[in-house]
Amino acid sequence: MDYHLYQVHWWVPRQGKTCLVIIDMQNYFQDLALPIIPNIQKLLALFRERKWPVVFTAHTHRNLEKDGGLLAQWWGQASMEVFQPGRWEHRIIEDLAPGKGEKVIDSKTRYSAFYKTELEDHLHSLGVTDLVITGVMTNYCCETTARDGFNRDFRIFFVADATATDDPLLHQATLCNLASGFATIYTTEEMMEILGKG
């Protein structure tokens, strides 16, 4: 599947209104995430150089009885226990450690980073209208956050080779779905070129 065939809009992120969102790049997903770390690092370095906003999310469960919901039922409570604060699996991968002043959303308990978190209010407080989505997993948290962001009137830019999942077919399916109705899809190289012109 070629997502280019489904792309409706080739929008460009707006200078001064764009935030880099790095979703769930936690040690638990390290093996899956390794191939995309260099691409996220490139984008992160550019955003830091330009002093543009960056937000990290960390999937977190402080009390599975209260915050696990259907997600815990779907995957099993034992699978969700690794996302408790203090565990190695919960920490953000060291190569992408958040910098001083960079927001970390650690109240994320569902696929969407917007669900019962402060993310939307934080973005509005910064005047952000455009989101560059990176991280894991493409077809779960990244896609759901992208769709949810679109429904909240954020323009979504989804980075094809800075997102990852465990099935190439599901990765491509997400890119096609998002391209057709929710997001502009770019590669890291394309995004760097576009943002670098600002």
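Here the structure is a predicted model, which is why all the values come from computation and not from measurement.

Analysis parameters
Throughout this document, residue positions are counted from 1 along each chain, in the order its sequence is written. Side-chain atom pairs in this predicted model are given and counted only at pLDDT of 80 or more, local residue features only at pLDDT of at least 70, and totals for whole chains, interfaces and linings cover all residues. Hydrogens and water are ignored here; the side-chain numbers use all heavy atoms of the structure. Salt bridges are counted wherever a side-chain nitrogen of Lys or Arg sits within 4 Å of a carboxyl oxygen of Asp or Glu. Secondary structure follows DSSP: runs of H or I at least 4 residues long count as helices, runs of E at least 2 residues long count as strands, and numbering of each begins at the N terminus. Strand pairing is assigned whenever DSSP detects at least two bridges linking the two strands. Each axis is a line fitted through C-alpha atoms, taken for helices only over the stretch in contact, and angles between the N-to-C directions span 0 to 180 degrees. A contact between two residues is defined here by any heavy atoms of the two lying within 4.5 Å. Using a 1.4 Å probe on the protein chains alone, a residue whose accessible area is under 20% of its type maximum counts as buried, one over 50% counts as exposed, and one in between counts as partly exposed. We define a nonpolar core as any set of buried Ala, Val, Leu, Ile, Met, Phe, Trp, Tyr and Cys residues linked to one another through side-chain atoms lying within 4.5 Å.

Trainee: Help me understand the pattern of salt bridges, please; the structure alone is not making it clear to me.
Mentor: Opposite charge on two side chains permits them to pair, given that their charged atoms come into close proximity. Across all of its chains, the model carries ten salt bridges by this definition. The partner of Glu 102 in a salt bridge is Arg 48, with the nearest N and O atoms 2.7 Å apart. Highlighted residues: Glu 102 in the loop between α5 (77–80) and β3 (103–108) and Arg 48 in helix α2 (residues 37–50), separated in sequence by 54 residues. Connected via shared salt-bridge partners are Arg 14, Asp 130 and Arg 155.

Trainee: What is the right way to look at the sheet that holds strand β6 (residues 183–186) in this model?
Mentor: Adjacent strands of a sheet pair through backbone hydrogen bonds, lying either parallel or antiparallel. Strand order in the open sheet formed by six strands is β3-β2-β1-β4-β5-β6, with parallel pairing between adjacent strands. Both edges of this open sheet fall to β3 and β6, since each of them pairs with a single strand only. For this sheet the average axis-to-axis angle between neighbouring strands, irrespective of direction, equals 25 degrees. With four bridges joining them, strand β2 (residues 54–59) and β3 adopt parallel strand pairing. In the strand pairing of β3, Phe 56 is matched with Val 104. In this fold α2 packs onto β1 (18–23), β2, β4 (130–136) and β5 (155–164), with an angle of close to 145 degrees to the strand it touches most, β1. Each of β5 and β6 is contacted by helix α8 (residues 168–181), which is oriented at about 165 degrees to β5, the strand it contacts most.

Trainee: What exactly am I supposed to notice about the side chain of His 90 here?
Mentor: As for its position among the elements, His 90 is in the loop between α5 and β3. A residue is classified by how much of its surface remains accessible, and His 90, at 10% relative accessible area, is buried.

Trainee: Where do I start with the nonpolar core in this structure?
Mentor: Where a protein is soluble and globular, its nonpolar side chains tend to be buried together. In this structure, Leu 20, Ile 22, Met 25, Val 136 and Met 191 are the most contacted members of the largest nonpolar core, which totals 35 residues. The element best represented in this core is α2, accounting for six residues. Leaving out residues up to four positions away in the same chain, Ile 22 has contacts with Ile 40, Leu 44, Val 54, Val 55, Phe 56, Thr 57 and Thr 134. Membership of the second largest hydrophobic core comes to 26 residues, among which are Val 21, Phe 158, Leu 175 and Ile 185.

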